[in-house]
Amino acid sequence: MKYLLTLALTITLCQLSYSKSIKNPVDTVSNGKTILDEDGKPVNAHGAGVLYYKGVYYLFGEIKKGKTWLVPDQHWEDYRVPAGGVSCYSSTDLIHWKNRGVALKPTTNNPAYDVDTSRVIERPKVIYNERTKKFVMWMHIDKNDYKYSRGGVAISDKPYGPYHYLGSVKPNNQMLRDMNLFKDDNGKAYLIYSSEDNKTMQICLLSSDYLKPTRHYSRILIDKKRESPAIFKHAGKYYLITSGCSGWSPNAASYAVADHIMGPWKEHGNPCKGPNADSSFYSQGGFVVPVANKPNSFIFMGDVWNKTNLEESKYLWLPIRIIKDEIEIYN
Ligand code: GAL
């Protein structure tokens, strides 16, 4: 049944595809490819996340613009690009994307400020707060040595922005690097992030306005050195797909399943199957988008990083197959 629904999603995406000559939507949209927006320009939304609101998908991501540079004196070869702020694109079918402009603008020549182009702004995610009627964006804010390791928060009245930056925090005085944001069915929202120098992940409940971490958090995947968390919920269970820690270079994903978001999380192996599964098909996952009105359909969204030219990084989006409590991703 689940397989059939995944197939149905694939077929639907196929039918929605704007390029009539290409049959496979995964090839069309994102198979390690550049995604073009409706103006024919490459979508610049890396480390992306999706908000679904009133029939529209809003894609938010890192704007990587400008010359990629090699960071001197690192443990390993590491590259940076100016932080271009956060982009927003909208779509009703996950295929045609309209550029909605810069949702969160960076400052320039203001290196003391969190969202300056000279800093690091990564993995922005947005959720909607029904009570306050605000759209809330969380993102990883850092300096170029990644030692600042904080969560930044911004707010808007409209899904596409502009977002007003409120500041950054270390939840419970803990480091926050690669992160995600999850809003549960009961309206509670959580930050999920690599912490403790990327050794352990943490999940922290947010305040009811989603603007602050609470003191309620748990440590998960302890000492497993995982990052890039992508979380979703299906049939009452939580699924968390993570990558290993190898900078911009791809590695094998793994996933964990839990009955309660705070854990315990039961670890499984790599959800990616088939050729190049050990490099997650040369990608790094970062988000899972539930397909609206198709309860069993989820899309794994990954970045195919081009570390020496980060702006040129591409995307890999693939359907997730759910078989009982296990998941599989094929390219
Ligand atoms: C990766 C991480 C990216 C970025 C990069 C910097 O491991 O997933 O979001 O922080 O390191 O090298």
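Scroll up to find the structure this text is about.
On a predicted model such as this, the values are computed, not experimentally measured, just so you know. (Residues numbered from 1 in each chain as written. Predicted model: local features only at pLDDT ≥ 70, side-chain atom pairs only at ≥ 80, totals over all residues. Heavy atoms only, no water.)

Overall, antiparallel pairing links the four strands, which are arranged S11-S12-S13-S14 in an open sheet. Two strands close off the open sheet at either side, each with one partner strand: strand S11 (179-183) and strand S14 (213-220). Across the sheet, the mean angle from the axis of one strand to that of its neighbour is 25°, orientation sign disregarded. Pairing between strand S12 (residues 189-195) and strand S13 (residues 200-206): six bridges, direction antiparallel. Within the sheet, the bridge partner assigned to Ile192 lies in S13 and is Ile203. (Pairing = 2+ DSSP bridges. Helix = DSSP H or I, 4+ residues; strand = E, 2+ residues; numbered from the N terminus. Axes fitted to C-alpha atoms, helices over the stretch in contact; angles between N-to-C directions.)

This part is about the site of the ligand. Around the ligand sit Asp78, Arg80, Glu122, Arg123, Tyr146, Asp178, Glu227, Gly247, Trp248 and Gln284, and that is every residue in its neighbourhood. In this structure, Glu122 approaches the ligand through a side-chain N or O atom, which is 2.7 Å from an oxygen atom. Taking Asp178, its side chain carries an N or O atom lying 2.6 Å from an oxygen atom of the ligand. The fraction of the free accessible surface of the ligand (310 Å²) that becomes covered by protein chains is 94%. Of the residues that constitute the shell around the ligand, the class distribution is two nonpolar, two polar and six charged. (Near = heavy atom within 4 Å. Polar contact = N/O pair within 3.5 Å; in protein donor to acceptor, adjacent residues only side chain to side chain. Areas by Shrake-Rupley, 256 points an atom, 1.4 Å probe, with all protein chains shown as cover. Nonpolar A, V, L, I, M, F, W, Y, C, P; charged D, E, K, R; others polar.)

In this section: the nonpolar core. Core analysis: the biggest nonpolar cluster contains 21 residues, and Leu51, Phe60, Leu104, Met137, Met139 and Tyr163 have the highest contact counts within it. Only strand S1 (46-53), strand S2 (56-64), strand S5 (83-91), strand S6 (98-104), strand S7 (120-129) and strand S8 (134-142) provide two or more residues apiece to this core. If one sorts the elements of this core by residue count, S8 sits on top with four residues. Judged by nonpolar contacts, the second largest core, of 20 residues, contains Ala230, Ile241, Cys272 and Val288. (Core = buried A, V, L, I, M, F, W, Y, C linked by side-chain atoms within 4.5 Å. Buried < 20%, exposed > 50% of the residue type's maximum accessible area, 1.4 Å probe, protein only.)

Sheet strands associate in pairs through backbone hydrogen bonding, adopting either a parallel or an antiparallel arrangement. Reading across the sheet, the four strands line up as S7-S8-S9-S10 and stay open at both edges, with antiparallel pairing between neighbours. Strands at the two margins of the open sheet, each flanked by one partner only, are S7 and strand S10 (164-169). The mean inter-strand angle of the sheet, taken between neighbouring strand axes irrespective of direction, is 25°. Sheet analysis places strand S9 (residues 150-156) next to S10, joined by five bridges and oriented antiparallel. Bridging from a neighbouring strand, Ala154 pairs with Tyr165 of S10.

Read these as spatial facts, not as claims about activity.
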